[in-house]
There are 2 protein chains.
Amino acid sequence: MTTDHIVKSFDEELNMLNDTIARMGGLVEAQLADSIQALTRRDAELAARVVSQDKRIDDLEHDIDSLSVRLLALRQPMAEDLRLVIVALKVSADLERIGDYAKNVAKRTGALAGSVPLDPVHTIRRMSALVMGMIKTVLDSYMEQDLDKARDVIVRDEEVDALHTSLFRELLTYMMEDARNITPCTHLLFIAKNIERVGDHATNIAENVEFLVSGTLPPGDRPKGDESSIVIVEPRTADTEGSE
Amino acid sequence: MTTDHIVKSFDEELNMLNDTIARMGGLVEAQLADSIQALTRRDAELAARVVSQDKRIDDLEHDIDSLSVRLLALRQPMAEDLRLVIVALKVSADLERIGDYAKNVAKRTGALAGSVPLDPVHTIRRMSALVMGMIKTVLDSYMEQDLDKARDVIVRDEEVDALHTSLFRELLTYMMEDARNITPCTHLLFIAKNIERVGDHATNIAENVEFLVSGTLPPGDRPKGDESSIVIVEPRTADTEGSE
């Protein structure tokens, strides 16, 4: 494990911290991409691999936490070095959660028994492409300490939220049209919510990059664009024959 | 704001950190209790108050982050003092998320148009009572640095996960029996998931108490008891007449 290495200098330890986050970020990107591919191809084998790989992400978070605690204890970093360590602790927690969401998408793929409406899966792929782009950009912004890229990620999250809200409505309609859609569409609802949450965590990371560069902590609150919590869809008729 | 106070000693700053976490914890407990009461009574006014109060929790997290960063920068704490500050950063993030879940429960209460099956709401109340007990115990374990209480919380989370999995199955069945249940039961599915996640965050805090007391970082991975991601429920019949 990273933290077992014998380290010569403070800069080397900081670099190791950044390298570990870069490796964790790359793994999280791959896990998310694989989980969406497993979903679209209904590939149970790939889904199982995503589930089993999640432990590697958890281990990297543990490495980053250990390394950060050791840096704080032994090096007592100041100013920007201190912010680097604090942000590393926060970013690794966000990446770990994104990994959990990818794992959950893979798990639910197995529960999509029978036929699944294809349009929602297509929309989920579009949402995933957006959030994967956000993750890539926010990791670049972290490594390059690039404020513009970080702020771009925060803006892009609104599009993800809007897609999620309309998909939520669409999935409820499918469920009302045919009760056989209820189990698969419920899992698609949670899969879509997972992807929407990944966008939120990419945004958290972007806010921490702002703190890293500017020294100003992100505000506790952030306007959320996801309106799915207040969506109401009524069946066409009292029973559920209103199909088409 | 807490962090505006002029502080005399290091101990006073550490006490202020603990007091702020205690206040944040108390507010989070109250928000969760109110959100569940708003749900069970369908009290839109109380739900709106929970949504508006969430900002206070976000502000307290911001206070704790600022205070922790300042403590690390100016006091360069060692050993247990350092762990106190690191754990404060992590615990405040978990409490902020619990606050978000309470807010989301309140938001969805407004979308429970028409009649809602009462049994699932009753089960959600039982789940909530369990997680509110976990939050109370884990906050005590943090303040008293009591390992036994922390470990007790980790064990109790399994019961929450089991309740959630059976509730998930029950809600799918209601949706299949009557399409008019689909919108409200979908929001109940997410409300139940929120409560289940609150249990996970209480468990995270318990693991950080273990780190605080023992100095050993929690393992990245933890066995999850929530099986709802793999639940499959089939309609009684091809169409959805199979009512009652």
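For the structure itself, look to the data block above.
Residues numbered from 1 in each chain as written. Chains lettered and ligands numbered in written order. Predicted model: local features only at pLDDT ≥ 70, side-chain atom pairs only at ≥ 80, totals over all residues. Heavy atoms only, no water.

**Some remarks on the overall build of chain A**
1) Next: Per the secondary structure count, chain A includes 6 helices and 0 strands.
2) Next: When the helices and strands of chain A are listed from N to C terminus, the series reads α-α-α-α-α-α.
3) Next: Across the 244 residues in chain A, those meeting the buried criterion constitute 58%.
4) Next: In chain A, once contacts between residues fewer than 6 apart in sequence are set aside, the share between residues at least 24 apart is 82%.
5) Next: Surface exposure of chain A reaches about 9,600 Å², of which carbon and sulfur atoms provide 51%. (Helix = DSSP H or I, 4+ residues; strand = E, 2+ residues; numbered from the N terminus. Buried < 20%, exposed > 50% of the residue type's maximum accessible area, 1.4 Å probe, protein only. Contact = heavy atoms within 4.5 Å. Areas by Shrake-Rupley, 256 points an atom, 1.4 Å probe, with all protein chains shown as cover.)

**Let's talk about unusual backbone geometry**
Across residues other than glycine, the phi torsion is negative in most instances, and most of the peptide bonds are trans.
All names here are of chain B.
1) Next: Phi at Gln 76 takes a positive value of approximately 40 degrees, unusual for a residue other than glycine.
2) Next: With respect to the helices and strands, the residue Gln 76 is situated in the loop between helix H2 (44-75) and helix H3 (79-109).
3) Next: Residue Ala 79 is not a glycine yet carries a positive backbone phi of 45 degrees.
4) Next: In this structure, Ala 79 sits in helix H3.
5) Next: Judged by relative accessible area, Ala 79 falls into the exposed class, the value being 54%.

**Some words on the relation of the copies chain B and chain A**
1) Next: Under the fitted operation, chain B is carried onto chain A by 0.0 Å of movement along the axis and a turn of 180 degrees, and the coordinates agree to an RMSD of 0.0 Å. These values place the two chain copies in the arrangement generated by a two-fold rotation axis. No C-alpha of chain B lies nearer the rotation axis than that of B:Gln76, which sits 2.9 Å from it.
2) Next: Most of the interface of chain B is mirrored in chain A, where 100% of its interface residues again form contacts. (Least-squares fit on C-alpha atoms with pLDDT ≥ 70 in both.)

**Comments concerning the interface of chain B and chain A**
1) Next: Taken together, the contact between chain B and chain A spans 54 residues of the former and 54 residues of the latter.
2) Next: Taking both sides of the interface into account, the surface hidden between chain B and chain A amounts to around 4,800 Å²; carbon and sulfur atoms contribute 62%.
3) Next: On the chain B side of the interface with chain A, the three residues burying the most area are B:Phe190, B:Leu217 and B:Ser229, jointly 12% of the side's total.
4) Next: In this structure, the connection of chain B to chain A is made through 9 residue pairs in polar contact (both at pLDDT 80 or more).
5) Next: Secondary structure elements with two or more residues in the side of chain B that touches chain A: H2, H3, helix H5 (147-177) and helix H6 (182-214) of chain B.
6) Next: Ranked by the residues each element gives to the side of chain B that touches chain A, the list is headed by H6(B), at 9 residues.
7) Next: Its residues placed into classes, the side of chain B that touches chain A shows 28 nonpolar, 12 polar and 14 charged. (Buried area = accessible area lost by both parts, 1.4 Å probe. Polar contact = N/O pair within 3.5 Å; in protein donor to acceptor, adjacent residues only side chain to side chain. Nonpolar A, V, L, I, M, F, W, Y, C, P; charged D, E, K, R; others polar.)

**Examining helix H1 (residues 10-41) of chain A**
All names here are of chain A.
1) Next: The terminal C-alpha atoms of H1 lie 46 Å apart, and with 32 residues this matches the ideal 46 Å at 1.5 Å per residue to within 8%.
2) Next: Capping the start of H1, Ser 9 holds a side-chain oxygen 3.4 Å from the backbone nitrogen of Asp 11, two or three residues further along.
3) Next: Just past H1, the residue Arg 42 takes up positive phi, approximately 50 degrees. (Expected span 1.5 Å × (residues − 1).)

**A look at the packing of helix H4 (residues 118-144) of chain A against helix H6 (residues 182-214) of chain A**
Residue and element names in this part refer to chain A.
1) Next: Closest axis-to-axis distance for the H4/H6 pair is 9 Å, and the angle between their directions is 15 degrees. As summarised for this structure, H4 and H6 are arranged roughly parallel, according to the angle between their axes. Taken as a pair, H4 and H6 cross one another with a handedness that is left-handed. (Axes fitted to C-alpha atoms, helices over the stretch in contact; angles between N-to-C directions. Parallel < 35°, antiparallel > 145°, perpendicular 65-115°, else oblique. Left-handed = near helix turned anticlockwise from the far one by under 90°.)

**Observations concerning the packing of aromatic side chains**
1) Next: Taken as a whole and assessed by the stated rule, the structure comprises 3 aromatic pairs over all chains.
2) Next: Ring centres 5.9 Å apart and planes at 50 degrees place the aromatic pair A:Phe168 and B:Phe190 in the tilted group. Highlighted residues: A:Phe168 in helix H5 (residues 147-177) and B:Phe190 in helix H6, drawn from two different chains. Judged on exposure class, the residue A:Phe168 and its partner B:Phe190 are both buried.
3) Next: Judged by centre distance (4.3 Å) and plane angle (15 degrees), the rings of A:Phe190 and B:Phe190 are stacked. (Phe/Tyr/Trp six-rings, centres within 6.5 Å; stacked < 30°, edge-to-face > 60°.)

**Description of the packing of H6(A) against H6(B)**
1) Next: At a minimum axis distance of 12 Å, the contact between H6(A) and H6(B) shows a crossing angle of 50 degrees. It follows from the interaxial angle that H6(A) and H6(B) lie oblique. For H6(A) against H6(B), the interelement crossing comes out right-handed. Only B:Ile182, B:Thr186, B:Leu189, B:Phe190 and B:Lys193 of H6(B) make contact with H6(A), whose side of the interface consists of A:Ile182, A:Thr186, A:Leu189, A:Phe190 and A:Lys193.
2) Next: Its residues assigned to classes, the contact of H6(A) with H6(B) shows 6 nonpolar, 2 polar and 2 charged.

**Considerations on the environment of B:Val50**
All names here are of chain B.
1) Next: Relative to the helices and strands, Val 50 resides in helix H2.
2) Next: Once the C-alpha coordinates of Val 50 and Gln 31 are considered, the two residues, 19 residues apart in sequence, prove to be 6.0 Å apart.
3) Next: When neighbours within four sequence positions are excluded, Val 50 is seen to be in contact with Gln 31, Asp 34, Ser 35, Ala 102, Lys 103 and Ala 106.

**Considering the side chain of B:Glu61**
1) Next: Turning to its location among the elements, B:Glu61 is positioned in helix H2.
2) Next: In this structure B:Glu61 is buried but unpaired, with A:Lys90 as the nearest side chain of opposite charge at 4.9 Å. (Lys, Arg positive; Asp, Glu negative; His and termini not counted. Salt bridge = Lys/Arg side-chain N within 4 Å of Asp/Glu carboxyl O.)

**Things to note about the pattern of salt bridges**
Where side chains of opposite charge bring their charged atoms close, a pairing between them can arise.
1) Next: For the coordinates displayed, the defined rule picks out 28 salt bridges over all chains.
2) Next: With a closest N to O distance of 3.1 Å, B:Asp100 and B:Arg97 form a salt bridge. One end of the pair is B:Asp100 and the other is B:Arg97, both in helix H3 and 3 residues apart, which spans about a single turn. Taken individually, B:Asp100 and B:Arg97 each receive the classification buried, so the pair is uniform in this respect.
3) Next: One salt bridge in this structure joins B:Lys193 and B:Glu196, with 3.1 Å as the shortest N-O distance. Taken together, the residues span about one helical turn, with B:Lys193 and B:Glu196 both in helix H6 at a distance of 3 residues.
4) Next: When its relative accessible area of 16% is taken as the criterion, B:Lys193 is described as buried.
5) Next: Beyond isolated ion pairs, a larger network of salt bridges with shared partners links A:Glu13, A:Arg70 and A:Arg75.

Spatial relationships are all this shows, so hold off on functional conclusions.
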